[in-house]
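# Report on the structure
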Amino acid sequence: MKVLLLKDPKDKDSGPDPYIKELGSYSLEATLIPVLSFEFISLDSLFEKLSHPECYGGLVFTSPRALEAIKMCLKEKSKKEAWSKSLKQMWNIKPTYVVGKATASLVEEIGLFPQGEKSGNAEKLAEYICSREKPNSSALLFPCGALKREVLPTVLREKGIPLESLTVYQTTQHPDLQESLSSYFSQQGIPASIVFFSPSGVKFCLQHIQKLSGDLINQVKFAAIGPTTAQALEAAGIAVSCTAGSPTPQDLAAGIHRALHPHNCSVPH
């Protein structure tokens, strides 16, 4: 059975994509189609703020892209040296809050210690931060995307915990998206399941998929990586067969397996 994953491939250097691998253990043949392109902005402003850890109470990351923006800043030799010599240590005295394991591992790559990665979504991370931060303390610095949801800022604001957001990337549709979807459907046919990894993915892909699937769309099991993406699908009138319990390859693959085989829930060993 075929599964279409609407996500970017994992870094080229690090072997097979973990989602493809995990779905393969259930004998599901997965294909990736990249949906999004990212444009980084305000990098000078970002590094200026990172250069003044004394002004902030800590860092918040809800997206791997925000870490990629920091890595872009650190490509410059002088900035890299400043980060290694003193800034990194000064930030490490303060908390670095993250959603999910992918973001946590990128935080570790720049030499910081992540907290809260088990939270898995912005709502739970906001609760975690509120349980650890005092109202009216120094602001937490939150590098984020232009399409960030307001859940985390709203919860923190209600609890009096200051947050300073800085938009460091914009999300656009991947230039090859339409062509990739058309060639997948013409070569592979209609997949048993289609997985969405972000609300932006729903916005950019759903109409193409509806057109390419025609009446057979009702046979497809739609899956979401988390509750926010599931809500975006439901808002577009799509029944969601599976939402991953947490945003990991293991939980997603197990959920898709259950959705495709409702009477046979054995898990491979």
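So, here's what we can say about the structure. Remember, predicted model here, so these are calculated numbers, not experimental data.

### A word on the sheet that holds strand 1 (residues 2-6)
- One open sheet accounts for 5 strands, arranged 2-1-9-10-11; its pairing is parallel. With one partner strand each, in any of the chains shown, strand 2 (29-32) and strand 11 (240-243) form the two edges of the open sheet. With direction set aside, neighbouring strand axes in the sheet form an average angle of 25°.
- One ladder, built from 4 bridges, connects strand 9 (residues 193-196) with strand 10 (residues 221-224); its direction is parallel. Its bridge partner being in strand 10, Val195 is matched across the sheet by Ala223.
- On the sheet, helix 8 (residues 177-188) packs against strand 1, strand 2 and strand 9 and is oriented at approximately 175° with respect to strand 1.
- Running at roughly 170° to strand 11, helix 10 (residues 227-235) makes contact with strand 9, strand 10 and strand 11 of the sheet.

### Re the nonpolar core
- Residues Leu46, Leu50, Phe61, Ile70, Trp83 and Trp91 are the most contacted members of the largest nonpolar core, which totals 26 residues.
- If you list the elements that add at least two residues to this core, you get helix 2 (43-50), strand 4 (58-61), helix 3 (64-73), helix 4 (77-92), helix 5 (100-109) and strand 8 (163-173).
- Of the residues forming this core, the biggest block, 5 residues, is contributed by helix 3.
- Membership of the second largest hydrophobic core comes to 24 residues, among which are Val35, Tyr184, Phe185 and Phe204.

### So, helix 6 (residues 122-132)
- Turning to helix 6, its buried residues are Ala122, Leu125, Ala126, Ile129 and Cys130. In a view along the axis of helix 6, the buried residues occupy a sector of 140°, so they form one face of it. Set apart from the buried face of helix 6 by more than 90 degrees, the exposed residues are Glu127 and Ser131.
- Residues of helix 6 that are buried in the fold lie against strand 4, strand 5 (96-98), strand 7 (140-145) and helix 7 (151-158).
- Regarding helix 6, its N-cap is Asn121, as a side-chain oxygen of that residue lies 3.2 Å from the backbone nitrogen of Glu123 further along.

### With respect to the sheet that holds strand 4
- Spatially, 6 strands are ordered 3-8-7-4-5-6 in an open sheet, and the strand pairing comes out mixed. Lying at the two open borders of the sheet, with one neighbouring strand each, are strand 3 (36-40) and strand 6 (114-115).
- Sheet topology note: the strand 4/strand 5 ladder contains 3 bridges and is parallel. Among the inter-strand pairings, Leu59 is bridged to a residue of strand 5, identified as Thr96.
- Lying on the sheet, helix 6 is in contact with strand 4, strand 5, strand 6 and strand 7; it crosses strand 5 at an angle near 155°.
- Of the strands in this sheet, strand 3 and strand 8 are in contact with helix 9 (residues 199-213), which crosses strand 8 at around 20°.

### Concerning unusual backbone geometry
- At Ser42, a position not held by glycine, the phi torsion is positive, near 55°.
- Turning to its location among the elements, Ser42 is positioned in the loop between strand 3 and helix 2.
- Of note, the phi angle at Asn136 is positive, near 60°, even though the residue is not glycine.
- Tracing the chain through its elements places Asn136 in the loop between helix 6 and strand 7.

### Considerations on the packing of aromatic side chains
- Across all of its chains, the model carries 6 aromatic pairs by this definition.
- One cation-aromatic arrangement involves Lys7 over Phe197; the distance from NZ or CZ to the ring centre is 5.8 Å.

### Re the packing of helix 2 against helix 3
- At a closest axis distance of 10 Å, the pairing of helix 2 and helix 3 adopts a crossing angle of 85°. The orientation of helix 2 with respect to helix 3, classified from their angle, is roughly perpendicular. From helix 2, Leu43, Leu46, Phe47 and Leu50 reach across to helix 3, where they touch Ala69, Ile70, Met72 and Cys73.
- Per-class residue counts for the contact of helix 2 with helix 3 are 8 nonpolar, no polar and no charged.

### Brief notes about helix 3
- For helix 3, every residue scored as buried is listed here: Arg65, Ala66, Leu67, Ala69, Ile70 and Cys73.
- Of the residues flanking the start of helix 3, the one acting as N-cap is Ser63, its side-chain oxygen 2.9 Å from the backbone nitrogen of Arg65.

### Some points on the pattern of salt bridges
- Across all of its chains, the model carries 8 salt bridges by this definition.
- A salt bridge links Lys49 to Glu164, with the shortest nitrogen-to-oxygen separation between them at 2.7 Å. Of the two residues, Lys49 sits in helix 2 while Glu164 sits in strand 8, which places them 115 residues apart along the sequence.
- One salt bridge in this structure joins Glu76 and Lys79, with 3.5 Å as the shortest N-O distance.
- Taking the relative accessible area as the measure of exposure, Glu76 reaches 44% and is therefore partly exposed.
- Here Lys79 falls in the buried class, since its relative accessible area comes to 14%.
- Here the salt bridges share partners, and the residues they tie into one network are Asp8, Arg65 and Glu68.

Basis of the calculations
- Residues numbered from 1 in each chain as written.
- Predicted model: local features only at pLDDT ≥ 70, side-chain atom pairs only at ≥ 80, totals over all residues.
- Heavy atoms only, no water.
- Pairing = 2+ DSSP bridges.
- Helix = DSSP H or I, 4+ residues; strand = E, 2+ residues; numbered from the N terminus.
- Axes fitted to C-alpha atoms, helices over the stretch in contact; angles between N-to-C directions.
- Contact = heavy atoms within 4.5 Å.
- Core = buried A, V, L, I, M, F, W, Y, C linked by side-chain atoms within 4.5 Å.
- Buried < 20%, exposed > 50% of the residue type's maximum accessible area, 1.4 Å probe, protein only.
- Arc of directions from axis to C-beta.
- Polar contact = N/O pair within 3.5 Å; in protein donor to acceptor, adjacent residues only side chain to side chain.
- Phe/Tyr/Trp six-rings, centres within 6.5 Å; stacked < 30°, edge-to-face > 60°.
- Lys NZ or Arg CZ within 6 Å of the ring centre and 35° of its normal.
- Parallel < 35°, antiparallel > 145°, perpendicular 65-115°, else oblique.
- Nonpolar A, V, L, I, M, F, W, Y, C, P; charged D, E, K, R; others polar.
- Salt bridge = Lys/Arg side-chain N within 4 Å of Asp/Glu carboxyl O.

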